[in-house]
Amino acid sequence: MTEIRSERGFPRRTIVKGAAWSLPVIAAAAAAPLAAASETAPEANYAEVTATANPKVGTNPNFKIQGQYTDGANYVDGALKAGTLVTFIFANGAAAASYSGLSGLTFVSGDPATGGPVIFQVTATTSNQVKVTFNNVAPVGGTITAEVLGGTGTATITA
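Residues numbered from 1 in each chain as written. Predicted model: local features only at pLDDT ≥ 70, side-chain atom pairs only at ≥ 80, totals over all residues. Heavy atoms only, no water.

**Some points on the environment of Phe90**
Following the sequence through the fold, Phe90 ends up in strand β4 (residues 85–91). Between the C-alpha atom of Phe90 and that of Thr143, which follows or precedes it by 53 residues, the distance is 5.8 Å. Among residues more than four places away in sequence, those in contact with Phe90 are Ala95, Ala96, Pro112, Gly115, Gly116, Val118, Phe134, Thr143 and Ile144. (Helix = DSSP H or I, 4+ residues; strand = E, 2+ residues; numbered from the N terminus. Contact = heavy atoms within 4.5 Å.)

Written as structure tokens, this is what we have:
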């Protein structure tokens, strides 16, 4: 069989094999930036969560959440942007009879009586803390962790 050479002296078969092997590499490289571009960065770089330190069984710990977000040009301290989700995770058997005292939050989903998670949403961009109270928490050793935009705070239930 006679090899047909390109002008630069490579056999056509070598060029075709090389192209066939490079297609998956090119496809993977092209897909990587698209995947990265589809993820949007959070609008806040941190959030601070505080709670009654070691709430006792039967008490009503009050969680207060504040943070920082960017409005596109400036960082706004002590605020959470409207639409931000705040998730409370109940662990080690922790539960609460109900929630109350919402300030700056609306209920989205979950049931603290079943051990969560319970999700709230910030109603309006504010420079104040948002807060929620969980009523009649139990048991000893249970934990309630609040998470928002990478920030967390945990309260451990004591006797």
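**A short note on the confidence of the model for the chain**
Across the chain, the average pLDDT comes to 79, with 71% of residues at 70 or higher. When mean pLDDT is taken per element in the chain, strand β6 (residues 105–109) scores highest with 96 and helix α1 (residues 12–38) scores lowest with 52. Below a pLDDT of 50 lies the segment residues 34–38, which in the model reaches zero contacts outside its immediate sequence neighbourhood of four places, other chains included. (pLDDT = per-residue confidence, 0-100.)

**Remarks on the sheet that holds strand β9 (residues 143–148)**
Across a sheet, paired strands are connected by hydrogen bonds in the backbone, their directions being either parallel or antiparallel. Taken together, the five strands give an open sheet; going across it, the order is β6-β7-β4-β9-β10, and neighbouring strands pair in antiparallel fashion. Only two strands of the sheet have a single neighbouring strand rather than two, namely β6 and β10 (151–156). If you compare each strand with its neighbour and ignore which way they point, the axes differ by 25° on average. Direction of pairing for β9 relative to β10: antiparallel, over a ladder of six bridges. Residue Ala146 lies in a different strand from β10, and its bridge partner there is Gly153. (Pairing = 2+ DSSP bridges. Axes fitted to C-alpha atoms, helices over the stretch in contact; angles between N-to-C directions.)

**Quick word on the nonpolar core**
Counting 23 residues, the largest nonpolar core has Phe63, Ile65, Phe88, Phe90, Phe134 and Ile144 as the members making the most contacts within it. Taken together, the elements giving at least two residues each to this core come down to β1 (44–50), β2 (62–70), β4, β7 (118–122), β8 (130–135) and β9. Leaving out residues up to four positions away in the same chain, Ile65 has contacts with Glu48, Val49, Leu80, Val86, Phe88, Gln129, Val130 and Val148. (Core = buried A, V, L, I, M, F, W, Y, C linked by side-chain atoms within 4.5 Å. Buried < 20%, exposed > 50% of the residue type's maximum accessible area, 1.4 Å probe, protein only.)

**Let's talk about the pairing of β10**
Here β10 shows a buried face lined by Gly151, Gly153 and Ala155 and an unburied face lined by Thr152, Thr154 and Thr156. What sits between the antiparallel neighbours β9 and β10 is a turn of two residues, in which Leu149 has the positive phi angle 45°.

**Here we look at the packing of aromatic side chains**
This structure, assessed with the given rule, holds nine aromatic pairs. On the numbers, 5.0 Å between centres and 80° between planes, the contact of Phe63 with Phe88 is edge-to-face. In this pair, Phe63 sits in strand β2 while Phe88 sits in strand β4, placing the two residues 25 residues apart along the sequence. Owing to a relative accessible area of 0%, Phe63 belongs among the buried residues under this scheme. Seen in terms of ring centroids, Phe107 and Phe120 are 6.0 Å apart; in terms of plane orientation they differ by 75°. Their pairing is edge-to-face. (Phe/Tyr/Trp six-rings, centres within 6.5 Å; stacked < 30°, edge-to-face > 60°.)

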